[in-house]
Amino acid sequence: MKQDFWHQCWENTHIGFHQDELQPLLIEYFPQFIEAEDSRVFVPCCGKSSDLLYFSKRFKVIGNELSAIACRDFFHDNHLIPNIKQTLRFNVFEQGNISLYQGDFFSLKSDSFKPFDWIYDRAALIAFPEDMRSQYVAHLKSFIQSNTRVFLLTLEFPQGEIIGPPFSVTQSEVEGLFQGYEITKVATRDLTGQKFARRSLPVSKLVESLYIIKG
Ligand SMILES: C[S@@+](CC[C@H](N)C(=O)[O-])C[C@H]1O[C@@H](n2cnc3c(N)ncnc32)[C@H](O)[C@@H]1O
């Protein structure tokens, strides 16, 4: 999607993707996969997700988000007051363990950061149309080092039934995008007839999947 689309979503509070509660598959599965020395998480296209707070209890969290409204709202909604620094391309909102880099993901340079143990993708890959997903994953891979694991959540549904975002991303697409990486499908949730975050998607089948991907 074009950046204007997302800026307008935030300006008009059209944020049906935002989950008020923590992501259930994160809470259920993430603790099983953490290693003792893990300490850093990267969250691309993070919105104002409450999952950032979940990670920050134990990890240093670097988020990236296009919208300044989302970054401001994240701290405001959680009664936190961030320091705001400006770099060439990003405003950086920082408080405690959380740093949000506000600006375009595709301009964020992985070599500006120490390696990440985890990358958390909830509603980032599936927010992009097919032609942008390969571009997104190509850039995401620059953040994947030898010990980085990606905690990836996708949705699958009959794509023709709605105009995205979100977009349906099948297992075979995940396998294609991350060819050469170790991919484990850990869990699925059948959400048919249930809301996806704040939205009721008018689709006949809706399945959420969790993959763990290793470099
Ligand atoms: C579907 S939302 C998901 C947000 C968050 N991951 C969550 O779970 O609530 C996608 C987010 O990606 C952000 N986004 C879109 N394009 C971006 C880009 N090029 N760089 C950084 N963020 C972007 C949007 O502003 C939006 O907040």
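Look above for the structure.
About the criteria used
Residues numbered from 1 in each chain as written. Predicted model: local features only at pLDDT ≥ 70, side-chain atom pairs only at ≥ 80, totals over all residues. Heavy atoms only, no water. Helix = DSSP H or I, 4+ residues; strand = E, 2+ residues; numbered from the N terminus. Buried < 20%, exposed > 50% of the residue type's maximum accessible area, 1.4 Å probe, protein only. Contact = heavy atoms within 4.5 Å. Arc of directions from axis to C-beta. Polar contact = N/O pair within 3.5 Å; in protein donor to acceptor, adjacent residues only side chain to side chain.

Asker: I'm lost on the environment of Leu108 in this one. Help?
Answerer: With respect to the element layout, Leu108 can be found in the loop between strand E5 (98–102) and strand E6 (118–122). Since its relative accessible area comes to 3%, Leu108 is described here as buried. For the pair Leu108 and Gly164, spaced 56 residues apart in sequence, the C-alpha to C-alpha distance is 25 Å. Among all residues touching Leu108, those that are not within four sequence positions of it are Phe42, Asn64, Phe90, Tyr101, Phe113, His139 and Phe143.

Asker: Looking at this structure, I do not really get unusual backbone geometry. What am I missing?
Answerer: Trans is the prevailing form of peptide bonds, just as negative phi is the prevailing case for residues other than glycine. Note that the residue after Gly164, namely Pro165, is joined by a cis bond; omega there is 0°. Within the secondary structure, Pro165 is located in the loop between strand E7 (149–156) and helix H6 (171–177). Pro166 follows Pro165 through a cis peptide bond whose omega is 5°. Checked against the element boundaries, Pro166 lands in the loop between E7 and H6. Phi at Thr13 is positive, roughly 50°, even though this residue is not glycine. Relative to the helices and strands, Thr13 resides in the loop between helix H1 (3–11) and helix H2 (24–33). Here Thr13 falls in the exposed class, since its relative accessible area comes to 57%.

Asker: I keep staring at helix H4 (residues 68–77) and nothing clicks. Help me out?
Answerer: Each full turn of the α-helix corresponds to 3.6 residues, which orients residues three or four apart in the same direction. Buried within H4 we find Ala70, Cys71, Phe74 and Phe75. Around the axis of H4, the buried residues are gathered within 125° of arc, so they sit on the same side. The inward-facing, buried residues of H4 contact H1, helix H3 (51–56), strand E2 (60–65), strand E4 (91–95) and E5. Measuring from the backbone nitrogen of Ile69 back to the side-chain oxygen at the start of H4 gives 3.1 Å, which picks out Ser67 as the cap. Backbone geometry just downstream of H4 places His79 in the positive-phi region, at approximately 55°.

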